[in-house]
Amino acid sequence: MAPNHLSVREMREDEKPLVLEMLKAGVKDTENRVTLHALTRPPALLLLAAASSGLRFVLASFALALLLPVFLAVAAVKLGLRARWGSLPPPGGLGGPWVAVRGSGDVCGVLALAPGANVGDGARVTRLSVSRWHRRRGVGRRLLAFAESRARAWAGSMGEPRARLVVPVAVAAWGVAGLLEACGYQAEGGWGCMGYTLVREFSKDL
């Protein structure tokens, strides 16, 4: 998409339902892969097997005892992902959320930022989603460039020792990870469960 056909501005009140649906759709695209990755790690499989064995003494149905822990674990992972990335972000110190808008006025992407937890941590991307109809058309790169400019301006105004942007990415979101690596970001740490990474953090000094 040509740069002059795309602009970034703050989200309007009447756009909240559309932005919320876009965030939910973005989570749905990756939640199944993240859930599969999380629940097929050896510690998770051992916990599911132990839970299933315990339920066999309580439930009369072997099939129910076998499947109930799996269903509950899948629901817990999906609800956690939707609560973290599939909802509108709270007001932050960096303004926003912002939306990417085509020349015709269609909202095709959303971005939200928040300051890091400690001095020197820079800014963090808390929401980044692009409508599936506009992916691979430069919207993600445009939003990322806008996030970097906001992070630089915020670091300068706050007297931060360096301008830095951190982008958390679900372990199964290979397209986003590839975009960040192409833009000069490097994977540095992350967080997960039982020693296995579920979310990687990509960072870049600006």
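Residues numbered from 1 in each chain as written. Predicted model: local features only at pLDDT ≥ 70, side-chain atom pairs only at ≥ 80, totals over all residues. Heavy atoms only, no water.

### Brief notes about the packing of helix H1 (residues 16-39) against helix H3 (residues 62-85)
Stage number 1. Across the interface, H1 lies against H3 with an axial gap of 9 Å and an inter-helix angle of 140 degrees. Classified by the interaxial angle, the pair formed by H1 and H3 is oblique. Viewed along their axes, H1 and H3 form a crossing whose handedness is right-handed. Note on element contacts: H3 touches H1 through Ala73, Val74, Val77, Lys78, Leu81, Arg82 and Trp85, opposite Leu23, Val27, Glu31, Asn32, Val34, Thr35 and Leu39.
Stage number 2. Broken down by class, the residue content of the contact of H1 with H3 amounts to nine nonpolar, two polar and three charged. (Axes fitted to C-alpha atoms, helices over the stretch in contact; angles between N-to-C directions. Helix = DSSP H or I, 4+ residues; strand = E, 2+ residues; numbered from the N terminus. Parallel < 35°, antiparallel > 145°, perpendicular 65-115°, else oblique. Left-handed = near helix turned anticlockwise from the far one by under 90°. Contact = heavy atoms within 4.5 Å. Nonpolar A, V, L, I, M, F, W, Y, C, P; charged D, E, K, R; others polar.)

### A few points about the pattern of salt bridges
Stage number 1. Throughout the structure, instances matching the rule amount to 10 salt bridges.
Stage number 2. Across the pair Arg102 and Asp106 runs a salt bridge whose closest N-O atoms are separated by 3.9 Å.
Stage number 3. We classify Arg102 as partly exposed; its relative accessible area is 29%.
Stage number 4. The salt bridge partner of Glu201 is Arg124, with a shortest N-O separation of 2.8 Å. Here the residue Glu201 occupies a position in strand S7 (residues 196-205), and Arg124 occupies one in strand S4 (residues 123-130), the gap between them amounting to 77 residues.
Stage number 5. One connected set of salt bridges, linked through shared partners, spans Arg9, Arg12, Asp14 and Glu15. (Salt bridge = Lys/Arg side-chain N within 4 Å of Asp/Glu carboxyl O. Buried < 20%, exposed > 50% of the residue type's maximum accessible area, 1.4 Å probe, protein only.)

### Focus: the packing of helix H2 (residues 42-55) against H3
Stage number 1. One can describe the packing of H2 onto H3 by two numbers: an axis separation of 8 Å at closest approach and a directional angle of 135 degrees. Relative to H3, H2 is oriented oblique. Like other packed secondary-structure pairs, H2 and H3 cross with a definite hand, here right-handed. Touching Leu48, Ala51, Ser52 and Leu55 of H2 are Ala65, Leu66, Leu68, Pro69, Val70 and Ala73, all from H3.
Stage number 2. Taken together, the residues of the contact of H2 with H3 sort by class into nine nonpolar, one polar and no charged.

### Quick notes on H2
Stage number 1. Taking 1.5 Å of rise per residue, the 14 residues of H2 would be expected to cover 20 Å, and the 20 Å separating its terminal C-alpha atoms lies within 8% of that figure.
Stage number 2. Within the sequence span of H2, burial applies to Ala44, Leu48 and Ser52. Along the axis of H2, the buried positions cluster into a sector of 70 degrees, meaning they face one direction only. Projecting away from the buried face of H2 at angles above 90 degrees are the exposed residues Leu46 and Leu47.
Stage number 3. As for H2, its buried residues are in contact with H1 and H3. (Expected span 1.5 Å × (residues − 1). Arc of directions from axis to C-beta.)

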